[in-house]
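# Chains, contacts and geometry: an overview
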Amino acid sequence: MLEPVQVFADALKMVLSGMTGETGGGDFNEIVSCMPCEEPVSGIMRLKNKRGWIRIVMEKSTGIEIVERMLGCPEHGLSQSELEDGVVEFLNVVAGMAKAALAGGPYYFELAVPSYEHDFEPGVPPDGATYMVARFPLGDICLGFLIR
Amino acid sequence: MKILIVDDSRVARKTIALTIEALGFVYEEASTGNEALDILADRSDEFSLVILDWNMPGLSGIEVLRRIKRDARLKSIPVMMATTEMERSSMIEAVKAGAKHYVTKPFTPEHLSVRILQSLGVA
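Structure report, in brief. All values reported here derive from a predicted model rather than from experimental measurement. (Residues numbered from 1 in each chain as written. Chains lettered and ligands numbered in written order. Predicted model: local features only at pLDDT ≥ 70, side-chain atom pairs only at ≥ 80, totals over all residues. Heavy atoms only, no water.)

## Some thoughts on the overall build of chain B
The condition is simple: For helices the rule is a DSSP run of H or I covering at least 4 residues; for strands it is a run of E covering at least 2, with both sets numbered from the N terminus onward. Here the radius of gyration uses the C-alpha set of atoms, whereas the globule reference equals 2.2 Å times the residue count to the power 0.38. A 1.4 Å probe rolled over the protein chains alone gives each residue an accessible area, and that area as a share of the maximum for its type sets the label: buried under 20%, exposed over 50%, partly exposed in between. Any two residues whose heavy atoms approach within 4.5 Å are treated as being in contact. Under the convention used here, a 1.4 Å probe and the Shrake-Rupley method define accessible areas, while residue burial counts only the protein chains that appear. Asp and Glu count as negative and Lys and Arg as positive, but His and the ends of the chain are not part of the count. Charged side chains are reduced to one point each, which is NZ for Lys, CZ for Arg, CG for Asp and CD for Glu.
For chain B, the helix and strand inventory stands at 5 helices and 5 strands. Along chain B, helices and strands appear, N-terminal first, in the series β-α-β-α-β-α-β-α-β-α. In summary, chain B has a C-alpha radius of gyration of 13 Å against a globular reference of 14 Å for 123 residues, a match within 12%. A total of 123 residues make up chain B; the buried ones form 52% of that total. Expressed as a percentage of contacts within chain B between residues at least 6 apart in sequence, the contacts between residues at least 24 apart total 60%. Looking at chain B as shown, the accessible area adds up to about 5,400 Å², and 50% of this sits on carbon and sulfur atoms. A distance of 5 Å separates the average location of the 16 positive side-chain charges in chain B from that of its 17 negative side-chain charges.

What follows is the structure in structure tokens.
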């Protein structure tokens, strides 16, 4: 297994726990392309000092659950813009934690400002990227990265 | 006491705002570094603390921090970085630039509360 996969998986689990209180799950598998989603929500960070990106994808229902927990108000009723902003912020924190763990190695990257992907299609082959899916009680979360 | 929250993420600002409200303080939000500097330039006397993200479009948080600390009218306002930049070198850079405290995301409301109170000098 590539070291960054473990790093990102650990970061995902720790950030989910820290931001939502979800402590269960986290088992993950590498997959060949992003998992299929009926209604995906997706954020991407295009790296500054490397050619590549980090992407997070999940079902909309999972994204809503995560962002509502981040905001501490499960009955709040999220707007679409809050959902998109929250998914992107979640990716931002995962990337920050992974970056620190990768410091000093060949996969080290600098953080950039992430954005929401309105047109991401999960089935498209990843062209050299690595994808993994982690399973949580809240739902599956797919994380992909390409760091060159 | 009024706190200025500077973060490009609306959700991040809201999570910080919830903690500030729970402490009984009031807040104002800025979504960019330039917006924050404009607010401070107009009403610097209103703010007891600035909570500042690092990675933002346009002016970065560290640059905003440096500009605050270079400005004679603003430099006495304590600044706390709240960021995903969690490497030691980043923390040192921020503290050297004048940050009073540095918290890394994700943080718990309890941790953030303590840092806010410390930054305000009321802990």
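The rest of the description comes next.
## Some words on the nonpolar core
Note the threshold: By convention a nonpolar core is built from buried Ala, Val, Leu, Ile, Met, Phe, Trp, Tyr and Cys residues, the set being connected through side-chain atoms within 4.5 Å.
Grouped together as the largest cluster of nonpolar side chains are 46 residues, with contacts concentrated most on Phe8(A), Leu12(A), Phe90(A) and Phe109(A). Setting aside chain neighbours within four positions, we find Phe90(A) in contact with Leu12(A), Val15(A), Leu16(A), Met19(A), Ile56(A), Met58(A), Ile66(A), Met70(A) and Ile141(A). With 25 residues, the next largest nonpolar core counts Val50(B), Met56(B), Val79(B) and Ala97(B) among its residues.

## A look at the layout of surface pockets
What counts is decided by this rule: Only protein atoms enter the 1 Å grid used here, on which a cavity is any set of points holding a 1.4 Å probe that cannot leave and a pocket is any open set flanked by protein within 12 Å on both sides along at least five of seven lines; residues with an atom within 4 Å of a point are listed as lining. Grid points are joined across faces, edges and corners, and a volume is the space filled by probe spheres set on the points. Gly is put with the polar residues, along with every residue not named as nonpolar or charged; the nonpolar set is Ala, Val, Leu, Ile, Met, Phe, Trp, Tyr, Cys and Pro, and the charged set is Asp, Glu, Lys and Arg.
Here the largest pocket defines a volume of roughly 330 Å³. The wall of the largest pocket is formed by 19 residues, among which Met19(A), Met70(A), Thr15(B), Phe107(B) and Pro109(B) lie closest to the centre. Where the lining of the largest pocket is concerned, the elements lending two or more residues are α1 (3–20) and α2 (60–71) of chain A together with α1 (10–22) and α5 (109–120) of chain B. With 6 residues, α1(B) is the single largest residue contributor to the lining of the largest pocket. Its residues assigned to classes, the lining of the largest pocket shows 11 nonpolar, 5 polar and 3 charged. Along its surface, the second largest pocket is lined by 16 residues, and Lys48(A), Glu110(A), Trp54(B), Asn55(B) and Glu85(B) are the ones closest to its centre. Here the lining of the second largest pocket takes 3 residues from helix α4 (residues 88–97) of chain B, the largest share from any one element.

## Examining α5(B)
All names here are of chain B. As a reminder of what qualifies: By this rule, a helix spans an expected 1.5 Å times one less than how many residues it contains. The directions considered for the arc run from the helix axis to the C-beta atoms.
Its 12 residues give α5 an end-to-end C-alpha distance of 16 Å, which sits within 8% of 16 Å, the value for a rise of 1.5 Å per residue. Looking only at α5, the buried set comprises Leu 112, Ser 113, Ile 116, Ser 119 and Leu 120. On an axial view of α5, the arc spanned by its buried residues comes to 130°, and they lie on one face. Packed against the buried residues of α5 are β1 (2–6), α1, β3 (47–52), β4 (79–83) and β5 (101–104). Following α5 by one or two positions, Gly 121 has its phi on the positive side, about 75°.

## With respect to the sheet that holds β4(B)
Residue and element names in this part refer to chain B. Just so we agree on the cut-off: Criterion used throughout: strands pair if DSSP finds at least two bridges between them. All axes are obtained by fitting lines to C-alpha atoms, using only the stretch in contact for helices, and the reported angles, taken between N-to-C directions, cover 0 to 180 degrees.
Taken together, the 5 strands give an open sheet; going across it, the order is β2-β1-β3-β4-β5, and neighbouring strands pair in parallel fashion. Two strands lie at the open edges of the sheet, namely β2 (26–30) and β5, each paired on one side alone. Ignoring which end each strand starts from, the neighbouring axes of this sheet average 20° apart. The strands that α1 touches are β1, β2, β3 and β4; relative to β2, the one it contacts most, it runs at about 165°.

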